[in-house]
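Geometric and topological summary
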Amino acid sequence: QVQLVESGGGLVQAGGSLRLSCAASGRTYSNYAMGWFRQTSGKEREFVATITWNGGGTYYADSVKGRFTISRDNAKNTVYLQMNSLKPEDTAVYYCAADRRALRSTEYLYWGQGTQVTVSS
C-alpha cells in the first residue's frame, strides 16, 4: 500500500513557477514509478509526466515538455513537479500517482487527492 499526499498548488500569474510535491507513505515507495496527471472540470484526467523508480527515466506530455520537470528523492519518499513558464491552460487539479510501471495512462494503482493549480492571465 502506498498513500500519496500532494502539496504546493496555488494561484500564480502566467509566466510564473510553482513546485508541487507528493509525499508518499509505505515502505516500498522506492519500488514504484511515479506520475503526475491533471484534470479540469468536464475533461478526462490527462498525463503530465512520469519518472521511473530510480529516477533514471522521465517522460513528459508534449504540452509541458521543456517547461515542467519531474524528479524524486527516495530518501524523503517524495516526488516533485517543477512547473515553469506557466500558462493559463495549465490550470487544473494536479494528481500524483504510483505504480510498478512508468505509465503514461491513468492505470496507476495509487492516487493522491489532488492539489489545485490556477494560472491567471
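Each remark here, short or long, concerns the structure printed above.
Residues numbered from 1 in each chain as written. Predicted model: local features only at pLDDT ≥ 70, side-chain atom pairs only at ≥ 80, totals over all residues. Heavy atoms only, no water.

On to the nonpolar core. Leu4, Trp36, Leu81, Met83 and Tyr94 are the most contacted members of the largest nonpolar core, which totals 35 residues. Elements supplying a minimum of two residues to this core: β3 (18–25), β4 (33–39), β5 (46–51), β7 (68–73), β8 (78–83), β9 (92–99) and β11 (115–120). A per-element tally of this core places β9 first, with 5 residues. (Core = buried A, V, L, I, M, F, W, Y, C linked by side-chain atoms within 4.5 Å. Buried < 20%, exposed > 50% of the residue type's maximum accessible area, 1.4 Å probe, protein only. Helix = DSSP H or I, 4+ residues; strand = E, 2+ residues; numbered from the N terminus.)

Let us look at the side chain of arginine 72. As for its placement among the helices and strands, arginine 72 is situated in strand β7. Reaching out from arginine 72, the side chain makes a polar contact with the backbone oxygen of tyrosine 32 at a distance of 2.7 Å. A distance of 2.7 Å separates a polar atom in the side chain of arginine 72 from a polar atom in the side chain of asparagine 74. If we skip the residues at most four places from it in the chain, arginine 72 touches Tyr29, Ser30, Tyr32, Ala33, Met34, Ile51, Thr52, Trp53, Gly55, Thr78 and Val79. (Polar contact = N/O pair within 3.5 Å; in protein donor to acceptor, adjacent residues only side chain to side chain. Contact = heavy atoms within 4.5 Å.)

Even without being a glycine, asparagine 77 presents a positive backbone phi close to 55 degrees. Structurally, the position occupied by asparagine 77 is in the loop between β7 and β8. Located in the positive-phi region is serine 85, a residue other than glycine, with phi close to 50 degrees. Topologically, serine 85 is positioned in the loop between β8 and β9.

Under the counting rule described, the total for this entry stands at 5 aromatic pairs. Measuring from ring centre to ring centre gives 5.3 Å for phenylalanine 37 and tyrosine 108, while their planes differ by 75 degrees; the resulting arrangement is edge-to-face. One end of the pair, phenylalanine 37, is in strand β4; the other, tyrosine 108, is in the loop between β9 and β10 (110–111), and 71 residues separate them in sequence. Of the aromatic side chains, those joined through ring pairs into one cluster are Phe37, Phe47, Tyr108 and Trp111. The ring of tyrosine 95 has arginine 45 sitting right over it, with the charged end atom 3.7 Å from the ring centre. Between arginine 100 and the ring centre of tyrosine 32, over which it is positioned, the NZ or CZ distance is 4.5 Å. (Phe/Tyr/Trp six-rings, centres within 6.5 Å; stacked < 30°, edge-to-face > 60°. Lys NZ or Arg CZ within 6 Å of the ring centre and 35° of its normal.)

Inspection of the entire model under this criterion finds 5 salt bridges. In this structure, glutamate 46 and arginine 38 form a salt bridge, with 2.6 Å as the shortest nitrogen-oxygen distance. Of the charged contacts in the structure, one is a salt bridge between aspartate 90 and arginine 38, with a shortest N-O distance of 2.9 Å. One end of the pair, aspartate 90, is in the loop between β8 and β9; the other, arginine 38, is in strand β4, with 52 residues separating them in the sequence. Considered together, aspartate 90 and arginine 38 belong to a single accessibility category, that of buried residues. Within the structure, one salt-bridge network assembled from shared partners comprises Arg38, Glu46, Arg67 and Asp90. (Salt bridge = Lys/Arg side-chain N within 4 Å of Asp/Glu carboxyl O.)

Residues Thr115, Val117 and Val119 of β11 are buried on one face, while the alternating residues Gln116, Thr118 and Ser120, pointing to the opposite face, are not. Two elements, strand β2 (residues 10–13) and β11, share 4 bridges in a ladder whose sense is parallel. Looking at β11, one finds that leucine 11 is bridged to threonine 118. (Pairing = 2+ DSSP bridges.)

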